[in-house]
Amino acid sequence: MSVVGARPNFMKAAPVMQALGKRKGWEQRLVHTDQHYDDKLSRVFFDELGLPKPDLHLGVRSGSHAGQTAEIMVRFEQVVLSERPSLVVVYGDVNSTLACALVCAKTGIPVAHVEAGLRSFDRTMPEEVNRTLTDHLADLLFTTEPSARPNLLREGIAEEKIFFVGNVMVDTLLRHRERARKTRFAQALELAPRSYGLLTLHRPSNVDAPETLAGILEAVQELAARLPIVFPCHPRTRRQLEGSRFESLLRSGSDGGMPEGRLMVTEPLGYLEFLSLMTDARLVLTDSGGIQEETTVLGVPCLTLRENTERPVTIEQGTNVLVGTSRRRILEAATRVLEGDLAAGRVPELWDGRATERIAAILEDRLLPRARMEQLPLHHQGATP
Ligand code: UD1
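Definitions and limits used
- Residues numbered from 1 in each chain as written.
- Predicted model: local features only at pLDDT ≥ 70, side-chain atom pairs only at ≥ 80, totals over all residues.
- Heavy atoms only, no water.
- Helix = DSSP H or I, 4+ residues; strand = E, 2+ residues; numbered from the N terminus.
- Rg over C-alpha atoms; globule rule 2.2 N^0.38 Å.
- Buried < 20%, exposed > 50% of the residue type's maximum accessible area, 1.4 Å probe, protein only.
- Contact = heavy atoms within 4.5 Å.
- Axes fitted to C-alpha atoms, helices over the stretch in contact; angles between N-to-C directions.
- Parallel < 35°, antiparallel > 145°, perpendicular 65-115°, else oblique.
- Left-handed = near helix turned anticlockwise from the far one by under 90°.
- Nonpolar A, V, L, I, M, F, W, Y, C, P; charged D, E, K, R; others polar.
- Near = heavy atom within 4 Å.
- Polar contact = N/O pair within 3.5 Å; in protein donor to acceptor, adjacent residues only side chain to side chain.
- Areas by Shrake-Rupley, 256 points an atom, 1.4 Å probe, with all protein chains shown as cover.
- Core = buried A, V, L, I, M, F, W, Y, C linked by side-chain atoms within 4.5 Å.
- Expected span 1.5 Å × (residues − 1).
- Salt bridge = Lys/Arg side-chain N within 4 Å of Asp/Glu carboxyl O.

1. Observations concerning the overall build of the protein chain
Along its length, the protein chain carries 16 helices and 13 strands. Computed over C-alpha atoms, the radius of gyration of the protein chain comes to 21 Å, within 12% of the 21 Å expected from 2.2 N^0.38 for 385 residues, which places it in the range of a compact globule. Projected onto its principal axes, the C-alpha coordinates of the protein chain cover approximately 70 × 40 × 40 Å. By residue count, 57% of the 385 residues in the protein chain fall in the buried class. Taking all contacts inside the protein chain whose residues are at least 6 apart in sequence as the whole, residues at least 24 apart take part in 68%.

2. Structural notes on the packing of helix 12 (residues 271-280) against helix 13 (residues 290-298)
Taken N-terminus to C-terminus, the directions of helix 12 and helix 13 make an angle of 55°; their axes are 10 Å apart at the nearest point. Taken together, the axis directions place helix 12 and helix 13 in an arrangement best described as oblique. Judged by the twist between their axes, the crossing of helix 12 over helix 13 is right-handed. Facing Y271, F274, L275, M278 and T279 of helix 12, the residues of helix 13 in contact are I291, E294, T295 and L298. By residue class, the composition of the contact of helix 12 with helix 13 is six nonpolar, two polar and one charged.

3. Topic: the site of the ligand
Of all residues adjacent to the ligand, which total 19 residues, the nearest are H36, Y37, E127, R236 and R239. One nitrogen or oxygen atom from the main chain of N95 is found 2.8 Å from an oxygen atom belonging to the ligand. A distance of 2.4 Å separates an oxygen atom of the ligand from a polar atom in the side chain of R239. Within the complex, 89% of the 740 Å² of free accessible area of the ligand lies under protein. For the shell around the ligand, the secondary-structure elements that each account for two or more residues are helix 5 (126-137) and helix 11 (235-241). Among the elements that make up the shell around the ligand, the one with the highest residue count is helix 11 (three residues). For the shell around the ligand, a count of residues per class yields seven nonpolar, seven polar and five charged.

4. Some points on the side chain of S42
Locating S42 in the fold gives a position in the loop between strand 2 (30-32) and helix 2 (43-49). In contact with S42, not counting residues within four places along its chain, are F10, H32 and H36.

5. A few points about the nonpolar core
Ranked by internal contacts, the top residues of the largest apolar core, which has 58 residues, are F142 and L277. Among the elements that take part in this core, helix 1 (residues 7-21) stands out by supplying eight residues, more than any other. Counting 32 residues, the second-largest nonpolar core is a separate cluster that includes A214, I229, L303 and L305.

6. A closer look at helix 3 (residues 65-83)
If you check helix 3, its first and last C-alpha atoms are 27 Å apart, about what 19 residues at 1.5 Å a residue would give, namely 27 Å. Lining the buried residues of helix 3 we find strand 1 (2-4), strand 2, strand 3 (56-57), strand 4 (88-91) and helix 4 (95-107). With its phi angle positive at about 45°, R84 sits one or two positions after the end of helix 3.

7. With respect to the pattern of salt bridges
Counted by the stated rule, this structure contains 27 salt bridges. Here R311 makes a salt bridge to E115, at a shortest N to O gap of 3.2 Å. Taken together, the positions of R311 in the loop between strand 12 (302-304) and helix 14 (313-316) and E115 in strand 5 (residues 111-116) put the pair 196 residues apart, joining distant regions of the chain. Accessibility assignment for this pair places R311 and E115 in one class, buried. Note that E159 and R149 form a salt bridge whose closest N and O atoms lie 2.8 Å from each other. Placement of E159 in the loop between helix 6 (148-154) and strand 7 (162-164) and of R149 in helix 6 is noted, with a sequence separation of 10 residues between them.

So, to be careful, I would describe these as geometric facts and stop short of saying anything about function.
What follows is the structure in structure tokens.
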């Protein structure tokens, strides 16, 4: 049983489910918690990535962290008690990930965590709490980059549970790259390849604090005078911009073309449109985790608007630079990119499009022989994988 809830889960679950689907002996279920429910944050990814329709929707929408996490737990507990899956696979670090892993731990259902071991060492990030606790609840931990194993071992997690498999999101990216290219989305916005920047912002620490958000947007507006910037806007960020002195930005892209100020706000984009824009961008500014990895694979310079990252390989080997949120640092780093003064980077180990195959092989090796031998679902044996 795979569980998804929020946008960054969908591109991770799709290739894992497809890899298991190609092997014999697996019956799969997909549960959507509905943490993200807007079509633009959810449905479009199912359509584009070939994810099956969820077998079950939990219907838990936005709320406080406690309210949302608790409600997912209450509803998911009913699901696992009635379905008794042999294994639950959770992805990433969103509230749905932790809520469902915790339910499994309490009901004796084995859990696999895809994208385990990443650490920003910043406990003020909700995702850091989610991923750390999920790792401690999981029976199988699939890691994406070299930093993860020492992080997990330091926390006392048993070595035999940890498997370095590579990055499943890269599997999705490589698989859809050609289709994305064909959308020619930059051209639709009247932008030539490498002639524009791309911005995303949604972290609470950046967008919920008006001063910080204003500082970032001032720097971006200044940069936009030199390089047009496209800004697909997350609903959390949009809410903050409404009623602020930046509200007019929300109407900037509504006539379809590039506005005067050359900072164009759009609705959240689908996977293929966004991948197309990212591939052709001169530079990306973001506070997302996943985009730091995707730009590394694409070889596109990425300025991360945070003081830390849980994905250090994107800095050590990739195209990522941590610039924080100060106007001066953002503009300095952007100038360096525009002057061609940034290392090209290389693709990290095992980010080769085959991570999900490795996961499927490990799951098959660990789970299927026992289930077949005993002719019983694993949970009847009280087994952990
Ligand atoms: C969540 C994840 C974050 C991930 C991000 C990707 C957690 C703690 N955070 O953050 O790790 O990077 O998704 O987008 O799990 N909203 C809508 N429509 C929706 C969903 C949300 O309008 O379909 C609005 C609501 O006003 C909601 C706000 O966005 O209150 C925040 O949504 P939420 O799911 O709590 O967190 P994200 O900021 O999206």
